[in-house]
2 protein chains.
Amino acid sequence: MSAIAPTPRTTLVRRPERGTHERAVVNAILDEALICHVGFVMDGQPFVLPTTHARIDDRLYVHGSAGGRMLRTLRQAIPVCVTVTLLDGLVLARSAFHHSMNYRSVLILGAAREVREEAEKRRAFCALVDHVVAGRSGEVRGASDLELKATSVLCLPIEEASAKVRTGPPLDDEEDYTLPHWAGVIPLALQAQTALADSRLPAGIPVPASVARYRRPGR
Amino acid sequence: MSAIAPTPRTTLVRRPERGTHERAVVNAILDEALICHVGFVMDGQPFVLPTTHARIDDRLYVHGSAGGRMLRTLRQAIPVCVTVTLLDGLVLARSAFHHSMNYRSVLILGAAREVREEAEKRRAFCALVDHVVAGRSGEVRGASDLELKATSVLCLPIEEASAKVRTGPPLDDEEDYTLPHWAGVIPLALQAQTALADSRLPAGIPVPASVARYRRPGR
């Protein structure tokens, strides 16, 4: 699979060995993460807001209310940074200094455009729902024209982007390996628990397989 | 407990009922989250980077390498936005439009200052380690003077901040409640798994209670 062209802005200054521009790595992180953090600037002040996203090919779609502050601002095609982070473990070293985390993150820079064409907007809207639970958009009432209008969908090309990944055990200073302190990793996993049916659900509606079998990707 | 004074920048435009400025709510979210996303601007481009944080009273400490891009930039006391998000569940509605997530997030705006005073820096450094595993800083080799110098610690006062919380079942349009589509919530929880000892750990070093009993807060 191809690599994304590195730029000075997406090249790691420190620990370059943790960085990659491989599209397969970037895509896998974007697809696993349930939320992203969108950064943008208003009157010189950066804002970072969490929201949901979905990827179609080399494009990231982000959605929000048409009336919300973020979407009203981003619609102007201003520079944006979308960051996605998956936390995989706590890295406990023999020294306080070398404590760390195992994680996988992606950073995308660019300008977002508002999706106005209806077919693309519907496709992105379905992708956003299916990103949460695969197949879900086919199991519920689809968006009406009015609902589609009330939603803003932004598209950010995944052109200037990089991933950063830390895995493995703590890396202590060589002379610290004889210290009598325990060291290792506490793995972390975001896990789905048993689905709770809405209390207003009429009797006799079964839990669909997409929900009953819902699992987060294992590490 | 006191409330943080709202400002136009921390007042929700949409769904104000989900927002709060209560310090107890803001603090609980900051304390539970293992990482934050730091937003800052360089040459007009926003950057959003994940990092670890710790709170002491009404101050948030963020740390990074003294040579890293983020710390070198933030040291200039430029405007920053720190956002913390905890994901609690997937909200599956009867309509695609009303799909949502249950989450708790905090947004802090301000300018960070670099911590230069050694006693405060050591205190913050220990808090950053203990934020990951309570009591950990007392169980490992403390930071040397050189290590402390190699680390930058930034302090952001929690003065302009707000929390946003969504909980509970999906909220469908009234006429959709009779639809034959399953609706409910899939709860999500970040869970700690059994700790993995470093392969270079000498024999006979027991797992400390802080690690063996490590649990993420339950919801």
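Just above, that's the structure.
Residues numbered from 1 in each chain as written. Chains lettered and ligands numbered in written order. Predicted model: local features only at pLDDT ≥ 70, side-chain atom pairs only at ≥ 80, totals over all residues. Heavy atoms only, no water.

A.B. asks: What exactly am I supposed to notice about the interface of chain A and chain B here?
C.D. replies: By convention, interface size is frequently given as the accessible area that disappears when the constituent parts associate. Contacts between the two partners involve 91 residues from chain A and, on the opposite side, 91 residues from chain B. With both chains or domains summed, chain A and chain B bury close to 7900 Å², and 65% of this area falls on carbon and sulfur atoms. For the chain A face of the interface with chain B, the top three residues by lost area are Phe97, Arg141 and Trp182 of chain A, together amounting to 10%. For the pair chain A and chain B, the number of links is 8 salt bridges. Linking Glu174 of chain A and Arg200 of chain B is a salt bridge whose minimum nitrogen-to-oxygen distance equals 2.5 Å. Applying the counting rule to chain A against chain B returns 35 residue pairs in polar contact (both at pLDDT 80 or more). In terms of residue count, strand E10 (residues 184-192) of chain A provides more of the side of chain A that touches chain B than any other element does, 9 residues in total. (Contact = heavy atoms within 4.5 Å. Buried area = accessible area lost by both parts, 1.4 Å probe. Salt bridge = Lys/Arg side-chain N within 4 Å of Asp/Glu carboxyl O. Polar contact = N/O pair within 3.5 Å; in protein donor to acceptor, adjacent residues only side chain to side chain. Helix = DSSP H or I, 4+ residues; strand = E, 2+ residues; numbered from the N terminus.)

A.B. asks: What's the story with the relation of the copies chain A and chain B in this structure? I'm lost.
C.D. replies: In this structure, two copies of a chain are linked by a rotation about an axis accompanied by a shift along it. Least-squares fitting of chain A to chain B yields an RMSD of 0.0 Å, with the transformation described by 0.0 Å of translation along the axis and a rotation of 180 degrees. One copy is carried onto the other by what is essentially a two-fold rotation axis. No C-alpha of chain A approaches the rotation axis more nearly than that of Leu190 of chain A, which lies at 2.0 Å. Taken together, the interface assignments show that 100% of the residues at the interface of chain A recur at the interface of chain B, consistent with an identical surface on both copies. (Least-squares fit on C-alpha atoms with pLDDT ≥ 70 in both.)

A.B. asks: When you look at the pairing of strand E9 (residues 160-166) of chain A in this model, what are you seeing that I'm missing?
C.D. replies: It is a general feature of regular strands that their side chains alternate between the two faces of the sheet. Residues and elements named next belong to chain A. Counting buried residues in E9 gives 5 out of 7 residues, a clear majority hidden from the surface. Bridge count between strand E1 (residues 19-20) and E9: 2 bridges; the pairing is antiparallel. The residue of E9 that forms the bridge with Gly19 is Lys164. (Buried < 20%, exposed > 50% of the residue type's maximum accessible area, 1.4 Å probe, protein only. Pairing = 2+ DSSP bridges.)

A.B. asks: How should the environment of Val84 of chain A be read in this particular structure?
C.D. replies: Residues and elements named next belong to chain A. Mapped onto the elements of the fold, Val84 is located in strand E5 (residues 79-92). By relative accessible area, Val84 is classed as buried at 1%. In the structure, Val84 is positioned 46 residues away from Val38 in sequence and 8.9 Å away in space, judged by C-alpha atoms. Apart from residues no more than four positions distant in its own chain, Val84 is found in contact with Ile29, Leu30, Ala33, Ile35, Cys36, His53, Arg104, Ser105 and Val106.

A.B. asks: Please clarify how the packing of aromatic side chains should be interpreted in this entry.
C.D. replies: Each aromatic ring pair is described using two quantities: the centre-to-centre distance and the angle formed by the ring planes. Taken as a whole, this structure holds 2 aromatic pairs over all chains when the rule is applied. Aromatic side chains Phe40 of chain A and Phe47 of chain A sit 5.9 Å apart centroid to centroid with 20 degrees between the ring planes, which places their arrangement in the stacked category. The two residues Phe40 of chain A and Phe47 of chain A agree in class, both being buried. The ring of Tyr177 of chain B is capped by Arg200 of chain A, whose NZ or CZ atom sits 3.6 Å from the centre of that ring. (Phe/Tyr/Trp six-rings, centres within 6.5 Å; stacked < 30°, edge-to-face > 60°. Lys NZ or Arg CZ within 6 Å of the ring centre and 35° of its normal.)

A.B. asks: Looking at this structure, how should I read the pattern of salt bridges?
C.D. replies: Within the structure shown, the criterion is met by 32 salt bridges over all chains. Between Asp176 of chain A and Arg141 of chain B there is a salt bridge whose closest N-O contact spans 2.7 Å. Residue Asp176 of chain A is found in the loop between E9 and E10, and its partner Arg141 of chain B is found in the loop between helix H3 (118-132) and helix H4 (145-150); the two belong to separate chains. Taking relative accessible area as the criterion, Asp176 of chain A reaches 4% and is therefore assigned buried. When salt bridges that share partners are traced, they join Arg141 and Glu147 of chain A together with Asp173 and Asp176 of chain B into one network.

A.B. asks: What should I look at first to understand the state of the cysteines in this one?
C.D. replies: Two cysteines whose sulfur atoms are joined by a covalent bond form what is called a disulfide. Applying the stated rule across the entire model yields 0 disulfides over all chains. In this model Cys155 of chain A remains outside any disulfide bridge; the closest cysteine sulfur is found in Cys36 of chain A, 13 Å from its own. For Cys155 of chain A, a relative accessible area of 2% puts it in the buried group. Counting only cysteine sulfurs, Cys155 of chain B is the nearest neighbor of Cys126 of chain B, a cysteine outside any disulfide, at a range of 16 Å. For Cys126 of chain B, a relative accessible area of 35% puts it in the partly exposed group. (Disulfide = S-S within 2.5 Å.)

A.B. asks: Even after reading the chapter, I still don't get H3 of chain B, so can you show me in this structure?
C.D. replies: For the α-helix, the turn length of 3.6 residues means that residues three or four positions removed from each other point alike. Along its 15 residues, H3 of chain B runs 22 Å from first to last C-alpha, staying within 8% of the 21 Å computed at 1.5 Å per residue. Among the residues of H3 of chain B, those classed as buried are Glu120, Lys121, Ala124, Phe125, Ala127, Leu128, Val129, His131 and Val132 of chain B. (Expected span 1.5 Å × (residues − 1).)

A.B. asks: Explanation requested: the side chain of Glu114 of chain B in the structure shown.
C.D. replies: Residues and elements named next belong to chain B. Mapped onto the secondary structure, Glu114 falls in strand E7 (residues 113-114). Its relative accessible area of 16% is what places Glu114 among the buried residues. One polar contact links Glu114 to Arg116, side chain to side chain, over a distance of 3.1 Å. A distance of 3.4 Å separates the side chain of Glu114 from the side chain of Ser152, its partner in a polar contact. Once you skip the residues sitting within four places of it in the chain, Glu114 turns out to touch Arg75, Ser152, Val153 and Leu154.

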